[in-house]
Amino acid sequence: MGALKSTPDPIEYADLSEKTGFSLKQIRVLHKRFRELSDGDDVLRREHLRCISSLKYNPIRVEIIEAFFNRRNFSPSHQGSADEIGFEEFLVVMSHFRPPSPKITDEQRKNIRREKLQFIFNMHDSDGDGLVTLEDYRHVVEELLSRSGALGKETARAIADAAMFEVARTVGHKDPNEFYEGITFEHFLKLLSNFDIESRMNIRFLKSDVNPFCQLCC
Amino acid sequence: MATRGRSSFCRSLPELELLLLVILVLLNGTVLSLEAASSSEIHTGEGNNTSKKPFPVIGIMYDDVSVPFEISLWVLLASLMKLGFHLIPRLSNVVPESCLLISVGLLVGGILKLARDEVPPVLSDRIFFLCLLPPIILDAGYFLPIRPFVENIGTILMFAVVGTLWNAFFVGGLIYGVCQLAQDKYSEINLGNIGILPCLLFGSIISAVDPVAVLAVFEEIHINELLHILVFGESLLNDAVTVVLYHLFEEFMESGLVSAVDAILGLVSFLIVALGGVLVGAFYGILAAFTSRFTSHTRVIEPLFVFLYSYMAYLSAEVFHLSGIMSLIACGAVMRPYVEANISHKSHTTIKYFLKMWSSVSETLIFIFLGVATVDGEHHWDWIFITATLILCLVARVIGVVGLTFVINNFRIVKLTTKDQFIIAYGGLRGAIAFSLGFLLHTDHKKIFLTAIITVIFFTVFVQGMTIKPLVELLAVKKKHEAKRSINEEIHTRFLDHLLTGIEDICGHYGHHHWKNKLNRFNKKYVKKILIAGDRCKEPQLIAFYHKLEMKHAIRMVESGGGSKLNSSFPSTVSMQNIQPKIQSPPSARPAERALPQLTKGREEEIRQILRTNLQRTRQRLQSYNRHTLVVDPDEEGFDDLILKKRRMMELDWKIKEMTNYLTVPHAQGSPTMSRTRMASDSQAYVKPGAKGVPSIQIDLASPQSPDSVRLLDEVGHDQGLTMSLPSSSSRAYKTGGKDDDRDHQKLLRCLSDPGPSADEDEDEPIPT
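Residues numbered from 1 in each chain as written. Chains lettered and ligands numbered in written order. Predicted model: local features only at pLDDT ≥ 70, side-chain atom pairs only at ≥ 80, totals over all residues. Heavy atoms only, no water.

Caption draft 1: Structural context of the overall build of chain A. From N to C terminus, chain A includes 10 helices and two strands. Put simply, chain A runs from its N terminus to its C terminus through helices and strands in the order α-α-β-α-α-β-α-α-α-α-α-α. Across the 218 residues of chain A, 50% fall into the buried class. Once local pairs closer than 6 in sequence are excluded, the contacts in chain A between residues at least 24 apart make up 59%. Carbon and sulfur atoms provide 50% of the accessible area of chain A, an area that totals close to 10200 Å². (Helix = DSSP H or I, 4+ residues; strand = E, 2+ residues; numbered from the N terminus. Buried < 20%, exposed > 50% of the residue type's maximum accessible area, 1.4 Å probe, protein only. Contact = heavy atoms within 4.5 Å. Areas by Shrake-Rupley, 256 points an atom, 1.4 Å probe, with all protein chains shown as cover.)

Caption draft 2: Seen up close, the pattern of salt bridges. Residue and element names in this part refer to chain A. Summed over all chains, the structure comprises 13 salt bridges over all chains. Measuring nitrogen to oxygen at the nearest pair gives 2.8 Å for the salt bridge that ties Arg-46 to Glu-66. Placement of Arg-46 in helix H3 (residues 46–50) and of Glu-66 in helix H4 (residues 61–69) is noted, with a sequence separation of 20 residues between them. On the basis of relative accessible area, Glu-66 is assigned to the partly exposed category, the value being 33%. A salt bridge links Glu-135 to Arg-138, with the shortest nitrogen-to-oxygen separation between them at 3.3 Å. (Salt bridge = Lys/Arg side-chain N within 4 Å of Asp/Glu carboxyl O.)

Caption draft 3: Structural view of the environment of His-139 of chain A. Residue and element names in this part refer to chain A. With respect to the helices and strands, the residue His-139 is situated in helix H7 (residues 134–144). Residue His-139 is classed as partly exposed on the basis of its relative accessible area of 38%. The sequence separation of His-139 and His-124 amounts to 15 residues, and the corresponding C-alpha distance is 8.6 Å.

Caption draft 4: Seen up close, a positive patch on the surface. There is a patch of like positive charges on the surface, built from Lys-56 of chain A together with Lys-518, Arg-521, Lys-525 and Lys-529 of chain B. Here Lys-518 of chain B is to be found in helix H20 (residues 512–531). A residue is classified by how much of its surface remains accessible, and Lys-518 of chain B, at 37% relative accessible area, is partly exposed. (Patch = residues over 30% accessible without salt bridge, like charges linked within 9 Å, V, L, I, M, F, W, Y side chains within 5 Å. Lys, Arg positive; Asp, Glu negative; His and termini not counted. Charge placed at Lys NZ, Arg CZ, Asp CG, Glu CD.)

Caption draft 5: The arrangement of helix H19 (residues 487–507) of chain B in detail. All names here are of chain B. Helix length check: H19, at 21 residues, gives a terminal C-alpha distance of 30 Å against a target of 30 Å (1.5 Å per residue), a fit within 8%. Taken across its 21 residues, H19 has 21 buried, putting it largely inside the fold. Gly-508 occupies a position one or two residues after H19 and carries a positive phi of about 90 degrees. (Expected span 1.5 Å × (residues − 1).)

Caption draft 6: Focus on the packing of aromatic side chains. Enumeration according to the criterion identifies 27 aromatic pairs over all chains in this entry. Judged by centre distance (4.8 Å) and plane angle (20 degrees), the rings of Phe-202 of chain B and Phe-449 of chain B are stacked. Taken together, the positions of Phe-202 of chain B in helix H8 (residues 196–206) and Phe-449 of chain B in helix H18 (residues 446–475) put the pair 247 residues apart, joining distant regions of the chain. One exposure class covers both Phe-202 of chain B and Phe-449 of chain B, and it is buried. Each ring, one from Phe-385 of chain B and one from Phe-449 of chain B, has its centre 5.9 Å from the other, and the planes form 25 degrees; the classification is stacked. Here the residue Phe-385 of chain B occupies a position in helix H15 (residues 383–408), and Phe-449 of chain B occupies one in helix H18, the gap between them amounting to 64 residues. Judged by its relative accessible area of 1%, Phe-449 of chain B is buried. Aromatic rings pair up to connect Phe-34, Phe-68, Phe-87 and Phe-90 of chain A into one cluster. Directly above the aromatic system of Phe-69 of chain A lies the positively charged group of Arg-46 of chain A, at a separation of 4.6 Å from the ring centroid. In this arrangement the basic side chain of Arg-336 of chain B is found over the ring face of Tyr-142 of chain B, its NZ or CZ atom lying 5.6 Å from the centre. (Phe/Tyr/Trp six-rings, centres within 6.5 Å; stacked < 30°, edge-to-face > 60°. Lys NZ or Arg CZ within 6 Å of the ring centre and 35° of its normal.)

Caption draft 7: Representation of the nonpolar core in the model. By size, the foremost hydrophobic cluster in this structure holds 137 residues, and its most contacted members are Trp-74, Leu-133, Ile-368 and Phe-385 of chain B. Once residues lying within four places of it in the same chain are set aside, the contact partners of Leu-133 of chain B are Phe-128, Val-212, Tyr-314, Ile-325 and Ile-433 of chain B. Membership of the second largest hydrophobic core comes to 70 residues, among which are Ile-64, Leu-91 and Tyr-137 of chain A together with Ile-503 of chain B. (Core = buried A, V, L, I, M, F, W, Y, C linked by side-chain atoms within 4.5 Å.)

Caption draft 8: Representation of the state of the cysteines in the model. All names here are of chain B. Inspection of every chain in the model, using the stated rule, returns zero disulfides over all chains. In this structure Cys-179 is a free cysteine whose sulfur lies 4.6 Å from that of Cys-199, the closest cysteine sulfur available. Take Cys-179: its relative accessible area is 0%, and that puts it in the buried class. Taking the relative accessible area as the measure of exposure, Cys-199 reaches 0% and is therefore buried. (Disulfide = S-S within 2.5 Å.)

And the structure:
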């Protein structure tokens, strides 16, 4: 989808800048990084991302890598996952982590919040059906605790169970006969209504080139 | 009748307080004058050696106990005052405590002066810096919310260092200018005589935001965490700047010359003071953590180590003229995660309560003494100097905050708005530290400086302290989230940490998430192994959080167990039966029905009512996963069955533990000191009844003789407390390994041996995994 020319073209940058909100300088830096990661290719594959050595210690690296290839993150209407992505998709995924500008209206803030929470929801919802079931959530917690060895397994289940109960409680399941299949996105929004994600889920994107300390292992 | 009598009694209590106060003060006065009298008696006694005195049956030997006696009287006075204020609710809503306390101090000082024409020098700098200040700072440092502090450290440092420097030079310089302009050779104190260096010294004293005053006032207004930590952090960290500037200008005043080398040395000295203080504190903190690793057999003295090491950190820093406050903060913050992992629950409670108690008493005493010392001191009121100082302080603060925010906002992700800036500027209160430093001055112009300092302090504490609360309301500043830190939020906090670190790695630059992650890994791999005893070192924070939540609720359950043993027996049984199908079948399956009789609606309601009064929570819980509520059959077989089932279920301890999650504690807001004593400055786990995230079981007792069945179950449940079954059952249910059981057992024993106070909230552990 939309493979770019190998030499940077300011016109296309301008397009991307408008679409994703990054400044031109930031796009240039990110493009450079993209090419580094993809070994000069125009498309990025999962193996490229798996190569990053510092990701090795990250307990949720599988989900993070998946998130780059999840079509739902490119635009809300898409489904499924891609095998390889171009720079545009890379940028779109990264744009979820852009800090919001200080002067935005409440409406815009709500939208940004929704976007960011949607991203996280998509990460939890591995099969893409729009519901985060107990199994999905258990998986999430297990991964989070996976670095802590054997003692994590059963506690993870207990924690995930407790968390699911909390969700069910939050969305007000009073009817005893109602069966709770999983967390929908709306429930997820309500659950994290106190979590100020729009100020926390942000990365400082550099405006200038940075030294390549971050090694790739292959 | 009864209520009216009660309220009239309560109304008379403040009057009682005042009466008591007057009595105390008079007692103090008489006692002190008696001391004078008795000493004169001794002299006359020595005069006539020849006549033999009869054996003194009753004598007054006040000298020996004078000092402790007076100290106790003062502390008693302070505590009674505190007591009194909270009995008058309307007053404490309008006027912040600090104002009231200063007023009381003024009153007492006035009475003492009238009675004896002399006021005891209570706010000597030694007492202040060595006894009154450390508890407050330790309390602040130990319970410092590390996460927001570290996230905003850049901003805080900017405000503390650059802001204080700016304030000092602006006020000092301009006041010199004003003095020169307003010099009047014929007035008592010629302003023109005040040199530039004394002015700068004065500026450096008065420019520092005071942590005690900030704590006292901000505690009551409950603003959001960001603003609180910014102002509070600034007030803590500017101590280094104040110390350096003070000593610097004092030295310069002695020597009389200032050269460029001296200025550079001053800069170097600042770095040494600040970093040295932190290092000293960290060193003692690590020592304390290491010591606490071995205290498993002498649990009683664990709190002592915490206090002693912290105090030693403070004193050691003071020895080398380093910043004692920063040392204390560093010590508390460094040792806390490790010490808390090692010490028993009782010790933890002890530490918390002692710190809160001492800091509370200290604060009260400081304010009272401030009032007393005001009456005592020699003052020289110079309109020009004082008004100029006041105005300059305010202006300097505003300009400083606005200017710095302009610069800082370029580097912040979450920018500071104008409202934030206003609150930060307005919250720059001065307090007793400035006064004590002023007391230490040796210059000729001490009187006028002291008067000005006191005026500024009074102005900030009274005017700014009183008006900040309505202003916060008026400006609709975001308040603190009183929400409970739910487990979902905790999970997502961890998740977000890892996510952001991963994205940073993909982006290829080493942002602060990356370094934080590295620090965490280092901490987990090496540091924790050394400093934490046993297996606790491997526990990641999410689990620790979850366990803390559980333990808290287990304790509450035990505490409330006095109300009904029903608590312990029923939930477990019900939970067992309700969870069993869940374990066996995934939630998508429809669970099996239970062949038990249904109840009429009315009876259900009745029974629910009874249960509600006994249980602390009766919220719907497993309805989400299991569509049936357990209905208990009242006949004998039913009961025997129940008992048998219960015995079996008791062995599934994990789910018992899970049940203990879901108790709520009524959250009473109370006064600031009460809320400080109850919960450390954290919104993490206020659990309100009716709050979400507290799944619970609905139990329908299908018995007309519910009270009887309750009683029967009481007896049944008596010998098998809910939590005691833990060790035996864990092995059967889960294969997490023997070590876990021991740990759980130990954990539970630790928490059960002391029901402790109700709320036991915690900050984030400083270094999350």
